[in-house]
Amino acid sequence: MSKTFYSNGKLLITGEYLVLDGAKAFALPTKFGQNLIIEEGNSNVIDWKSFDSDGSIWFEDRIPFSSITRKERFDDAKNIKNTLIEILHEAWLMNPGFIDSSKGYNIRTELTFPKSWGLGTSSTLINNIAQWLQIDAFELLKSSFGGSGYDIACAQKNMPILYQILNDKPVIKTVNFQPDFTDKIFFIYLNKKQSSKASIAAYYGKEGSTEKRIPIIDAITERVIKSTTAKEFAIALHDHEIEMSNILEVTTVKEALFPDFDGVIKSLGAWGGDFIMSISKENPTDYFKKKGFEVVIPYSEMIL
């Protein structure tokens, strides 16, 4: 008998990077996500298979229980296995019974989006494991992979959220974001996945305090959420993009790749890869495809 768990993917609209320091972040759960299917096994091992959205296997390995309890580390060629063992080890510390009282497992994960899209392969896995073992997903993230946790909140919520870390704890508020201009919003994949860990490290490597910037970003986030017209929404996101460009000392994606685009473009999550969001009067699909970006998804097809 198998058990199946599911978690939503995510897109971070505002507050990227600064959410780590207490800024408010506006995030949207996606219609895409990941399944975790658990079956009983034997031999005190986990036989693990991870499937991409096209049905291909992108990770497959056998992990003995002893590797999890000892947090065994393999060479860098087994980096995915090392990360998985680290997550499972921390989960075991939070709920030892899943190993101590078991003979083994056959486990498979199934992405409903291409792995390269960066919609939350790790966060959906962590939240699914937490559901399975009935442990705190935010604590599991913190002790294993790290990050702000907004992606865990999106994994759990079926509505837009306002996310903030206060006193080292996540504060999540659902937001009634249903503007009548979502037909003007599109998401474009930049043909490369950005490492969240590397981007966070680069952010913390910048000199200078971000404390003065947080109220500015918070105010922009409130403008984004309360926008009643596409123009208000676009201007707020443009202001956010300029502010983050100054903080990160990185050129905006519009300046770098799409200077002739008639509309506003917003980087999402880790700058430099994954998805961007566009707001424009006209459907921008042809524009982006001519530039070599084939994945252009309307808001209605991407967001829950």
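Residues numbered from 1 in each chain as written. Predicted model: local features only at pLDDT ≥ 70, side-chain atom pairs only at ≥ 80, totals over all residues. Heavy atoms only, no water.

## A short note on the overall build of the protein chain
Heads up, the rule is: Starting at the N terminus, helices and strands are each numbered in turn, a helix being any DSSP run of H or I of at least four residues and a strand any DSSP run of E of at least two. Our radius of gyration is a C-alpha quantity, and the globule rule it is checked against amounts to 2.2 Å times the number of residues to the power 0.38. Where accessible areas are quoted, they stem from the Shrake-Rupley method and a 1.4 Å probe; at the residue level, only the protein chains shown are allowed to cover. For the purpose of charge, His is not counted, nor are the chain termini; Lys and Arg are scored as positive and Asp and Glu as negative. Here the site of a charge means NZ on Lys, CZ on Arg, CG on Asp, or CD on Glu.
Counting its secondary structure elements, the protein chain contains 12 helices and 11 strands. Compactness check: the protein chain gives a C-alpha radius of gyration of 20 Å against a globular reference of 19 Å for 304 residues, within 12% of the reference. When the accessible surface of the protein chain is split by element, carbon and sulfur atoms take 48% of a total near 14300 Å². The distance from the centre of the 34 positive side-chain charges to the centre of the 39 negative ones in the protein chain is 1 Å.

## Concerning the nonpolar core
How we decide: By nonpolar core is meant a set of buried Ala, Val, Leu, Ile, Met, Phe, Trp, Tyr and Cys residues that side-chain atoms within 4.5 Å join together. Three exposure classes are used, based on accessible area relative to the maximum for each residue type with a 1.4 Å probe and protein chains only: buried under 20%, partly exposed in between, and exposed over 50%. When checking whether two residues touch, look at their non-hydrogen atoms; a contact exists if any pair is within 4.5 Å.
Of all hydrophobic cores here, the largest spans 41 residues; its most connected members are L36, W48, F98, I129 and W132. For L36, the contacting residues outside a window of four places in its chain are K3, T4, F5, W48, I107, R108, T109, L125, N128, I129 and W132.

## Considerations on the pairing of strand 10 (residues 275-279)
If a strand is regular, its side chains alternate between the two faces of the sheet. Here is the rule: When DSSP finds at least two bridges between two strands, those strands are taken to pair.
A large share of strand 10 lies buried, amounting to five of its five residues. Across the two faces of strand 10 the burial is the same, with F275, M277 and I279 and I276 and S278 all buried. With five bridges connecting them, strand 8 (residues 185-189) and strand 10 associate as antiparallel partners. Bridge pairing in strand 10 links F187 to M277.

## Topic: the pattern of salt bridges
What counts, and what does not: For salt bridges, the criterion is a side-chain nitrogen of Lys or Arg within 4 Å of an Asp or Glu carboxyl oxygen.
Applying the stated criterion across every chain yields a total of 16 salt bridges. As a salt-bridge pair, D168 and K142 come within 2.6 Å of each other at their nearest N and O atoms. On the criterion of sequence distance, the pair formed by D168 in the loop between strand 6 (161-166) and strand 7 (169-174) and K142 in helix 5 (residues 137-143) is long-range, its members being 26 residues apart. Judged by its relative accessible area of 53%, D168 is exposed. Residues participating in the shared-partner salt-bridge network are E16, E241 and K266.

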